[in-house]
Structures are given as C-alpha cells and as structure tokens.
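# Report on the structure
Each chain, written out:
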Amino acid sequence: MKKYKKLIWAFLSLLIAFLTIKAIDSQSKTLSFATLFKMLKGASLSWMTLAFLAMAGFIIFEGIAIQSILKTIGSPRKFHQGMIYSTADIYFSAITPSASGGQPASAFFMMQDGISAGSTTAALIMNLVMYTVTLFLFGVLGLIAGFPLFCDMSLISKVLILIGFTILLFLTFFFLLLLRRGKKLFAWFLNLLVFLHKIHLVHRLDKRKRKLARMRRDYEECTRAMNGKWKGLLKLLMWNMLQRFSQIMVTFCVYMAVFGEKAIAVNLIPLQILVAVGANSIPIPGAMGVSDYLMLNGFSQIMYKEEAFHLELISRGISFYICVLISMLLTLTAYICLQIRKRNQINRKKNQENIQTNNQINTKNND
C-alpha cells in the first residue's frame, strides 16, 4: 500500500508541475520555449555556472550537515554517503506533502550503511530542527530587509507568507521546548490525547499512545546524543545556513546572467527568502504552484511582468526541477548499487555454504 501511495504522489507531483508551467505560460503574452532558449543562449556563462553551482550547493551542504551531525554523535560516515542521505531527502521531500517522505528515505540509506536506529533518528531530528530554525532566522532577516517589497505584494501572498512564518515560529518553539522540557511536554500530550478520546474526538487510543511513546523515545535519544555538544550544533546550524543561502542565490545568479542589473538583483534576495517562508504555508509536494505564484507576484514588484515570468521559470527550473531530477538519479543509482551489493553478499554467502558442504562431504568420503 505504501508503494502505491508513493507512486500516486509521484504522479500527482508531475501533474502539478505540468499544470503550474501551463498556468504560467497562459498568463504570459511572449513566453515560449524558443524565447527562453534565446535568453539562455545570450546569458552570461559565468553567472549561469554560478547558478548551477548554487543549486548543487543545496544538495552538497545538506549532505555535509548530515555527515557533520553523524560525526558529532559518534557515527562518522564518508562524504559520498552523506550525499546520498541528502539526495534521498531532497527527492522524496519534493514528491510528498509537507516533505513527509524525505526523512524516512534518508533514514533507509543511513540504516543500510549500518547506522543504528537511535543515531539515525537523532541525526535527522537535529538536522530538521536546524533547518527549521535557519529558515525562520532567514525569514526574519528577509522580512526586515524586504519589508517595503512585502507591503507591495498581493493580499494572498502576504497571507501565505504570514502563515508560513506562523508555522515556522511554532515549529521552532516546539522543537526547542522538546529539547529542554521534553518529558513534561510529552506528559501533557498524553493527557490531551486521553481527554480527546473521552470526548470521542480521538479514536484508537492505544495505537496513538504507542505512536506517542515512539516519538518520546526518539526525542529522548536525540537529547542524549546531543547533550553538551554545542560545537556540533553550531556547525550543523552553519551548514544549514549555507544550504539555504545556496538555494536563495540561484535566482540572484540567474537574474545577473540574463538581465544583469545589480540594483534589482539585490532586491531578489529578500524576496526569495519570503518565497521560501511562504512555501511552508500549504502542504503541497515541493510547494509547486505556491512558490511559483509567490515568485511571480514578488518579482513583478521590481521588474516588468514578462521578465518576471522568464526569471521565475529559469530560476525555479534550476533550483527545484533540475535539483530534484539530479537527486532522483543519484538516489536511484545508490539504490541499484545497494541491491547489487546485497545480491553479491547473498551469492558469496551461498558459495561459502556450498564450499563448506562440499568439504564436509569430501571429509566423510575420505573417512
């Protein structure tokens, strides 16, 4: 059943992507693939190279972040392994609502590499915490730096961004509270669960209790693993900041490559931060449609509408679609290699068993 759900969400993601591009195309008078190719042909090669490097940085810095936290909790892994944990997270986050599939996919590869369930849980939870904190901090800076731009955006955009801020603020507060007052918080959750069951708003109480108990064990494991390791947490925060900054800079680099006006390009940085915040407002795979709307609405405040359409398609194409495609190919390659390695191990084991059996038969015959 889970496999079918993944296939359904993957199909829906492709459908949403197609409809989003179609909607953008229908709104633009001059937008066409021929125009886009002409623009890209005349773009600055150095700035476009930087845009692709920034996109790659989004993958690489997450891999280094996970590798860093694993080293901090005593489960060091190699660079290429960190990259696979990153690509699995990015790809499955992009095709599932609220990025719910990213962490389980990353955990799968981590545990296949021999990392314990406790260390896997601790690493992924702390990376999620720092990712959320980083986006919230960037969001505050983006709102301060781009407040006039925020005021000029449409009411829908403002509402989406404010909802995104509210969610990030809640999650940041929730995660920090869990790390400092986890036992009290889970006790409160349990009491709330029992109360909701009594008034018939929650069913299957035992199942939900078990799930809550698992969550409590996971967070306790995380707290124990990170206890007193502030340097490791600061490094993790730094890598997450670099990851987020890399994604933001894709749009800046694309604009410089295609249009080249520094005064406008600088304003794109706070706008792109606000887009990233607003993308958290609705649980759509990859925030497709939401991010596109926010980008178009924000970019239209500082440039011609047609320029905004072209910039949105190119920068979103690099920072999201190409990034997800690369992540998918690397994750698929890693999965195939894993299956081949497993099959070879099984074959070696069978060969060893056959040799031992033959040796025993020969020994008996000789006797």
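Here the structure is a predicted model, which means the values were calculated and not measured.

### Regarding the overall build of the chain
A tally of helices and strands in the chain yields 13 helices and zero strands. In sequence order, the chain lays out its α and β elements as α-α-α-α-α-α-α-α-α-α-α-α-α. Within the chain, buried positions represent 44% of all 367 residues. Residue pairs at least 24 apart in sequence account for 73% of intrachain contacts in the chain once pairs closer than 6 positions are excluded. In the structure as shown, the chain presents an accessible area of about 20,600 Å², 66% of it carried by carbon and sulfur atoms.

### What about helix 3 (residues 45–72)?
Taking 1.5 Å of rise per residue, 28 residues should cover 40 Å, and helix 3 covers 39 Å from first to last C-alpha, within 8% of that figure. The largest bend along helix 3 reaches roughly 30° and is located at glycine 57. Of the residues one or two after helix 3, glycine 74 is the one with positive phi, at around 90°.

### Quick look at the side chain of glutamine 272
Relative to the assigned elements, glutamine 272 resides in helix 11 (residues 262–278). Assessed through its relative accessible area of 11%, glutamine 272 is described here as buried.

### Concerning the packing of helix 4 (residues 79–94) against helix 5 (residues 102–112)
Interaxial distance between helix 4 and helix 5 falls to 7 Å at its minimum, and their mutual angle equals 155°. When the interaxial angle is binned, helix 4 and helix 5 end up roughly antiparallel. Regarding helix 4 and helix 5, the two cross each other, and that crossing is right-handed. Packed against helix 4, whose contacting residues are Ile84, Tyr85, Ala88, Asp89, Phe92 and Ser93, the element helix 5 presents Gly102, Gln103, Ala105, Ser106, Phe109 and Met110 at the interface. Taken together, the residues of the contact of helix 4 with helix 5 sort by class into seven nonpolar, four polar and one charged.

### Side note on the packing of aromatic side chains
The description of two aromatic rings rests on the distance between their centres and on the angle between their planes. Counted according to the given criterion, the structure contains nine aromatic pairs. With a centroid separation of 4.9 Å and 80° between ring planes, the pair formed by phenylalanine 320 and tyrosine 321 is classed as edge-to-face. Three or more aromatic residues joined by ring pairs form one cluster here, namely Phe108, Phe109 and Tyr335. Lying across the ring of phenylalanine 320, arginine 316 places its NZ or CZ 4.3 Å from the centre.

### Points about the environment of tyrosine 255
Structurally, tyrosine 255 can be placed in helix 10 (residues 230–258). Exposure remark for tyrosine 255: the relative accessible area of 0% places this residue in the buried category. C-alpha separation for the pair tyrosine 255 and leucine 268, spaced 13 residues apart in sequence, amounts to 8.7 Å. For tyrosine 255, the contacting residues outside a window of four places in its chain are Gly260, Glu261, Ile264, Ala265, Leu268, Met303 and Leu311.

### Focus on the packing of helix 3 against helix 4
For the pair helix 3 and helix 4, the least separation of the axes is 7 Å and the interaxial angle reads 120°. Between helix 3 and helix 4 the crossing geometry is right-handed. On helix 4, the residues touching Phe58, Ile59, Ile60, Glu62, Gly63, Ile64, Ile66, Gln67 and Leu70 of helix 3 are Phe79, Gly82, Met83, Tyr85, Ser86, Thr87, Asp89 and Ile90. Here the residues of the contact of helix 3 with helix 4 sort into ten nonpolar, five polar and two charged.

### Some details on helix 10
Because each turn of an α-helix spans 3.6 residues, side chains separated by three or four positions end up pointing in the same direction. For helix 10, built from 29 residues, the straight-helix expectation of 42 Å at 1.5 Å per residue is met to within 8% by its first-to-last C-alpha distance of 43 Å. Backbone geometry just after helix 10 places glycine 260 at a positive phi near 80°.

### Digging into the pattern of salt bridges
Scanning all chains against the criterion turns up one salt bridge. In this structure, aspartate 292 engages arginine 316 in a salt bridge whose closest nitrogen and oxygen atoms are separated by 3.6 Å. Taken together, the residues aspartate 292 in helix 12 (residues 290–299) and arginine 316 in helix 13 (residues 305–366) connect sequence positions 24 residues apart. As far as the burial class goes, aspartate 292 and arginine 316 line up, both buried.

### What about the nonpolar core?
In this structure, Ile161, Phe299, Met303 and Ile318 are the most contacted members of the largest nonpolar core, which totals 46 residues. Secondary structure elements with two or more residues in this core: helix 3, helix 6 (117–145), helix 7 (147–152), helix 8 (155–198), helix 10, helix 11, helix 12 and helix 13. Here phenylalanine 299 is in contact with Thr251, Leu268, Leu271, Gln272, Ala308, Leu311, Glu312 and Ser315, once residues within four sequence places are set aside. If you look at the next biggest cluster of nonpolar residues, it comprises 43 residues, including Ile115, Leu124, Met288 and Val324.

### Observations concerning the confidence of the model for the chain
Here the chain shows a mean pLDDT of 82. Residues at 70 or above account for 86%. Averaged over each element, pLDDT in the chain is lowest for helix 1 (residues 2–27) (54) and highest for helix 3 (94).

### Things to note about the environment of glutamine 243
As for its placement among the helices and strands, glutamine 243 is situated in helix 10. Along the backbone, glutamine 243 and alanine 65 are 178 residues apart, and their C-alpha atoms lie at a distance of 8.8 Å. Ignoring any residue separated from it by four or fewer positions in sequence, one finds glutamine 243 in contact with Phe58, Phe61, Glu62 and Tyr131. A distance of 3.2 Å separates a polar atom in the side chain of glutamine 243 from the backbone oxygen of phenylalanine 58.

Conventions we followed
- Sequence positions are assigned chain by chain, starting from 1 and proceeding in written order.
- The model is predicted, so local features are restricted to residues of pLDDT at least 70 and side-chain atom pairs to those at 80 or more, both for listing and for counting; the totals for chains, interfaces and linings are taken over all residues.
- Processing note: side-chain calculations cover all non-hydrogen atoms of the structure and skip hydrogens and water entirely.
- A run of H or I in DSSP counts as a helix once it spans at least four residues, and a run of E counts as a strand once it spans at least two, with each numbered from the N terminus.
- Exposure is judged per residue with a 1.4 Å probe applied to protein chains only, and the accessible area is read against the type maximum: over 50% gives exposed, under 20% gives buried, and values in between give partly exposed.
- By the convention used here, residues are in contact when the closest approach between their heavy atoms is within 4.5 Å.
- Note on areas: these come from Shrake-Rupley sampling with a 1.4 Å probe, and a residue is covered only by the protein chains present in the view.
- Under the convention used throughout, the expected extent of a helix is 1.5 Å for every residue step, that is, one less than its residue count.
- Fitting axes to the seven residues that end at a residue and to the seven that start at it, the angle between those axes gives the bend at that residue.
- In this description, a line fitted to the C-alpha atoms serves as the axis of each element, helices being fitted only across the stretch in contact, and the angle between N-to-C directions of two axes falls anywhere from 0 to 180 degrees.
- Any angle that is under 35 degrees is reported as roughly parallel, and any over 145 degrees as roughly antiparallel; angles of 65 to 115 degrees are reported as roughly perpendicular and all others as oblique.
- Helix crossings fall into two classes, left-handed where the near helix is turned counterclockwise from the far one by less than a right angle and right-handed where it is turned clockwise.
- Lys, Arg, Asp and Glu make up the charged group, whereas Ala, Val, Leu, Ile, Met, Phe, Trp, Tyr, Cys and Pro make up the nonpolar group; the residues left over, Gly among them, are polar.
- Geometry of aromatic contacts follows a simple scheme: Phe, Tyr and Trp rings, the Trp one being its six-membered ring, pair when their centres are within 6.5 Å, and the pair is stacked under 30 degrees between planes, edge-to-face over 60, tilted otherwise.
- Two limits define a charge over a ring: the Lys NZ or Arg CZ must be within 6 Å of the ring centre, and within 35 degrees of the ring normal.
- Salt bridges are defined by distance alone: a side-chain nitrogen of Lys or Arg within 4 Å of a carboxyl oxygen of Asp or Glu.
- In this description, a nonpolar core means a group of buried Ala, Val, Leu, Ile, Met, Phe, Trp, Tyr and Cys residues linked to one another through side-chain atoms lying within 4.5 Å.
- Values of pLDDT, ranging from 0 to 100, describe the predictor's confidence in every residue of the model.
- Polar contacts here mean pairs of N or O atoms no more than 3.5 Å apart (in protein, one a potential hydrogen donor and the other a potential acceptor; neighbouring residues in sequence count only if both atoms are side-chain atoms).

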